[in-house]
Amino acid sequence: MKNIIAVAGVVIKELYRRKDFYVLFIVTILICLVMASVNIFHDDKIVRYLKELCLLLVWISSLVIAVTTTARQIPAERENRTLLPLLAKPLTRTQLVLGKFLGCWVACGLTLLCFYLFFGLLAGTREHMWPVLNYFQAIMLHWFMLGIVVALTLLGSLVFAAPSSNSTICFVIIGGILLVGRHLDHVALTLPEPTRAISQAIYFAIPHLEFFDTRDLIVHNWPLIHWEFWGLAIVYALAYIGAFLTGACLVFRRKAVN
Amino acid sequence: MKSSRTYLLLVVAFLVLSFGLAADLQPQFRELRWSRADGDVFAVLLGDSRKLFANEFYTKADAYYHSGFYPTIFDNNTAFKTAHMAEDTGAVHSNNHGEEESFMGPPIDWLEKFGRNFFPDRHTHLDEGGPADDLSGSDNVREILPWLKLSTDLDPQNVQNYTVTAYWLRQRMHKTDEAYQVLLEGLHANPGSCDILFELGRLYAESYHDTNRAENVWAAAARNWKPIKGDDDTAAANNFIYEKIATQLGEAERTADHRQSAIDWFEKAQSVSRTPAALQAQIDDLKRKLAGAAESAPPPGLKSQ
Amino acid sequence: MGTILKTDKLRVEYRSREMRQATKIALAGLDLEVHAGEVFGFLGPNGAGKTTTMNVLLGFVQPTSGVASLFGIDVRQPIARQRIGYLPELTYYYKFLTAEELLRFYAKIFGLTRSETDQRIDQLMKLVELEHARKRPIRSYSKGMQQRVGLAQALINNPDLLVLDEPTSGLDPVGRMKVREIIQRLKDEGKTVFFSSHELGEVETVCDRVAIINQGELKAIGRVNEIKKPHHANLEQAFLEIIGFQNSSTQPAP
Ligand SMILES: Nc1ncnc2c1ncn2[C@@H]1O[C@H](COP(=O)(O)OP(=O)(O)OP(=O)(O)O)[C@@H](O)[C@H]1O
Ligand SMILES: [Mg+2]
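Because the structure is a prediction, the values reported are computed rather than measured.

Before going further, it helps to spend a moment on the overall build of chain B. Across its full length, chain B holds 14 helices and 0 strands. Counting from the amino terminus, helix and strand elements in chain B follow one another as α-α-α-α-α-α-α-α-α-α-α-α-α-α. Within chain B, the fraction of its 305 residues that count as buried is 44%. Surface exposure of chain B reaches about 16,400 Å², of which carbon and sulfur atoms provide 56%.

In structure tokens form, the structure reads like this:
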């Protein structure tokens, strides 16, 4: 565990010493502030469009940060050959994978906190509502969703050699799941048999990231998700994280590093 | 490395700033008649594809009207063929058929059933029902306005946008002046549009209580109306608006006791109506009164005696 | 004197990813034995298989056949690496960390306590003469400085066996001398050093024994003097003859 935390610490340091995160954060803030200043029919109580836009930016930024930081972790270690002195130490490969995962995931969590803090302030000052529990539910779900993304990307970075191809593939997969994952079963029903079985298999196999997309609940002030389902969603995420990480460890264990 | 990031950041900041300024100044620009073209940023940026976006935003506004939920092409959306927000304004007649309440149908597997806990899937409107259930007549409908505005900006030729926007602004937000501005903008972009003229007339009549002007505007609308042949939705919508204009004019004439012209208007309305029987009662009533008046009313000469 | 490092008929083949390309035999049955407390020089021309041998010893590459062991433990077990320090060739350490942070990170993996770590880092920074730069990010280091950071990280756990892959590459003459001194000092402390090098002069002065390999095969092994003797020449000429390099200008004078 100590080793895992040590590896994670380096990943987090990297994130805040590289400036990408700040760029994204500042761009998001600027866009939101500009949007907030646009005057629509002299009504300053209109807030949902602003919340929606801001959340959309938060989601995109968080996915970009999660995928790009994770995708370059192990390839960079390999390229700079720091993997060698690291593995020459009493650190197992499993610990390295877990450490990288933990680091990326916690780093994503920290950036999420920054983003949601800004979002909460922007929305709260306009709406004069502070639904703390809603935010808690949404942030946790978002964070666990990013956990799946990070684990998937980590697995990808061990399978595909080039970080750029890995991140492109991950973006396509994640985007696809978020946009059409929910409807795959309905689509399957309209297809002829062999493709139908395949689509249904895909539908049940993919991690349904769209469950975790609770933006509409925040934007439209819907009541809390039942805690029971919320908890189940977290367990669901953990299951996929576990599966992807196990896969990553298996792939990595067989790999020659030099 | 460090400095190049700073530059990148600066460039992005400037871009955002200029985009914001552009969005902010666009209305002012429009007023400057000498500005080039129709001064539309979107037209320059997107070309004709902007209509596609406009439609998207129009749908988005309707989704907002439904407190965030909207059926996708994969769900049963026959209950949503006409945007409810437009239907409720009375600007369009309804094409909706299908079950509104369970528009999504039962979930077809446990995964879908589970997933439905994570997004709003109940049919609610911003001004009724809704998550908190205390929204009757709520002015929460304001939330649909930005999308309508965006939609109008992108596709100024879509008259429904203007009438729907104006209706919600006027009826629920009590922003009569803004609604008036919207309609004028709409008329500017679509000179003589009878939908917009009709809504403008309602605004004069109901909000400014200026019946004369209202009637003039409606009369202009009726003059501008041209029949469209066919059985499709466009023709139906075209007839629907004429029916409403003619009915309004008929009502106005009746109030002013001009029974014959009232009957004329009602009959014109009937000629295009999908439910002619509903108007028949009014026409019969008027005819009866007219006949009664002709019989019982003594000639002027006699009356003075 | 115990055997600390041993390879037995070690064979490594690199199967190339692309079809139609022949399998590359990097090591062809290498037998090596390094005893406790000695400085062992591992020599060979470019591509001879030196780095490959070290990769096997550290468990990065699975041997095709044969076994390798450290401290009598098979290298496939991670415990075998607890008491070794390793300096890889051509490594670019995390640019965004400072030397001190890097060493602290590695110390954590070895499970050193905080005070041990502080003490050790102070010692090492003095040893590799990076005290002035220890709080600077590694990004700003010169090549020689990076090489010295590498040496420091190899020593962080006070290892009993050091595996150094070309420790002096990229260093100026003063730096090389320093590395020789460090190796000498480690030897005096009773440590074992196994290192590869192309600097035959320095090998001659510091090594107890050397091995010369070529194309994955062991060509000679023994004390420096024993290797030089049959060739009546310095180590460099002996090396060239052993690997079968024929050139009139390098023939020794009769
Ligand atoms: N990953 C690999 N895939 C295929 N061949 C490899 C790989 N790594 C090394 N080789 C080959 O194995 C042989 C031995 O390489 P190695 O790196 O051990 O040489 P070396 O003795 O360290 O050389 P140098 O002095 O240049 O460092 C070389 O012919 C090299 O091309
Ligand atoms: Mg080498």
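What follows concerns the confidence of the model for chain B. Residue and element names in this part refer to chain B. Looking at chain B as a whole, its pLDDT mean stands at 73, while 72% of the residues score no less than 70. Segment residues 33-37: pLDDT under 50, and 2 contacts once partners within four positions in sequence are set aside and those in other chains are kept. Scored below 50 in pLDDT, residues 130-135 shows 15 contacts in the model against residues more than four places distant or in partner chains. With pTM at 0.82, the complex prediction returns an ipTM value of 0.85.

Before going further, it helps to spend a moment on the site of ligand 1. Around ligand 1 sit 15 residues in total, of which C:Asn46, C:Gly47, C:Lys50, C:Thr51 and C:Thr52 are the nearest. Ligand 1 sits at a junction of chains, with neighbouring residues supplied by chains A and C. The backbone of C:Ala48 places a nitrogen or oxygen atom 3.2 Å from an oxygen atom of ligand 1. Contacts to ligand 1 include C:Lys50, whose side-chain N or O atom sits 2.8 Å from an oxygen atom. The greatest single-element share of the shell around ligand 1, amounting to 3 residues, is contributed by helix H1 (residues 50-57) of chain C. Of the residues in the shell around ligand 1, the class split is 4 nonpolar, 7 polar and 4 charged.

Residues and elements named next belong to chain C. With a phi angle near 55°, Phe71 is a residue other than glycine that sits in the positive phi range. Take Phe71: it is sitting in the loop between strand E4 (65-70) and strand E5 (73-74). Not every positive phi belongs to a glycine, and Gln215 is a case in point at roughly 50°.

Further remarks concern the interface of chain C and chain A. In this assembly, 29 residues from chain C lie in contact with 25 residues from chain A. In total, chain C and chain A occlude about 2,500 Å² of area from one another, counting both sides; carbon and sulfur atoms represent 64% of this. Of all residues in chain C, C:Phe60, C:Phe96 and C:Ile109 give up the largest surface area on contact with chain A, accounting jointly for 29% of the area buried on that side. Counting across the interface, chain C meets chain A through 1 salt bridge.

Here we come to the packing of helix H10 (residues 211-224) of chain B against helix H11 (residues 233-255) of chain B. Residue and element names in this part refer to chain B. Two elements in contact, H10 and H11, have axes whose closest approach is 10 Å; the angle formed by their N-to-C orientations is 140°. Classified by the angle between their axes, H10 and H11 sit oblique to one another. The two elements H10 and H11 cross, and the hand of that crossing is left-handed. On the side of H10, the interface is formed by Glu215, Trp218, Ala219, Ala221 and Ala222, while H11 contributes Tyr242, Ile245, Gln248, Leu249, Ala252 and Glu253. Taken together, the residues of the contact of H10 with H11 break down into 8 nonpolar, 1 polar and 2 charged.

Residues and elements named next belong to chain C. Under the 1.5 Å per step criterion, the end-to-end length of helix H2 (residues 99-110) is 17 Å for 12 residues, consistent within 8% with the ideal 16 Å. With 10 of 12 residues buried, H2 lies mostly within the body of the structure. Count one or two residues on from H2 and you reach Gly111, which has phi positive near 75°.

As a further point, take the interface of chain B and chain A. By a widespread convention, an interface's size corresponds to the accessible area lost as its parts come together. On the chain A side, the residues contacting the 41 residues of chain B number 47 residues. Put simply, chain B and chain A have 0 salt bridges between them. Applying the counting criterion to the chain B and chain A interface returns 2 residue pairs in polar contact (both at pLDDT 80 or more). Within the residue set of the side of chain B that touches chain A, elements represented by two or more residues are helix H1 (2-31), helix H3 (50-65), helix H5 (110-115), helix H6 (145-154), helix H7 (159-171) and helix H8 (176-189) of chain B. Per-element tally for the side of chain B that touches chain A: the top contributor is H1(B), with 7 residues. In the side of chain B that touches chain A, the residues fall into 21 nonpolar, 9 polar and 11 charged.

Paired through backbone hydrogen bonds, the strands of a sheet run either parallel or antiparallel to each other. Residues and elements named next belong to chain C. Read across the open sheet, the 4 strands follow the order E2-E1-E4-E5; overall the sheet is antiparallel. Of all the strands in the sheet, just strand E2 (24-35) and E5 have a single pairing partner and so form its edges. Relative to E4, strand E1 (residues 3-14) runs antiparallel, the two being bridged by 5 bridges. Across the sheet, the residue bridging to Leu5 is Leu70, located in E4.

The rules we used
Residues numbered from 1 in each chain as written. Chains lettered and ligands numbered in written order. Predicted model: local features only at pLDDT ≥ 70, side-chain atom pairs only at ≥ 80, totals over all residues. Heavy atoms only, no water. Helix = DSSP H or I, 4+ residues; strand = E, 2+ residues; numbered from the N terminus. Buried < 20%, exposed > 50% of the residue type's maximum accessible area, 1.4 Å probe, protein only. Areas by Shrake-Rupley, 256 points an atom, 1.4 Å probe, with all protein chains shown as cover. pLDDT = per-residue confidence, 0-100. Contact = heavy atoms within 4.5 Å. Near = heavy atom within 4 Å. Polar contact = N/O pair within 3.5 Å; in protein donor to acceptor, adjacent residues only side chain to side chain. Nonpolar A, V, L, I, M, F, W, Y, C, P; charged D, E, K, R; others polar. Buried area = accessible area lost by both parts, 1.4 Å probe. Salt bridge = Lys/Arg side-chain N within 4 Å of Asp/Glu carboxyl O. Axes fitted to C-alpha atoms, helices over the stretch in contact; angles between N-to-C directions. Parallel < 35°, antiparallel > 145°, perpendicular 65-115°, else oblique. Left-handed = near helix turned anticlockwise from the far one by under 90°. Expected span 1.5 Å × (residues − 1). Pairing = 2+ DSSP bridges.

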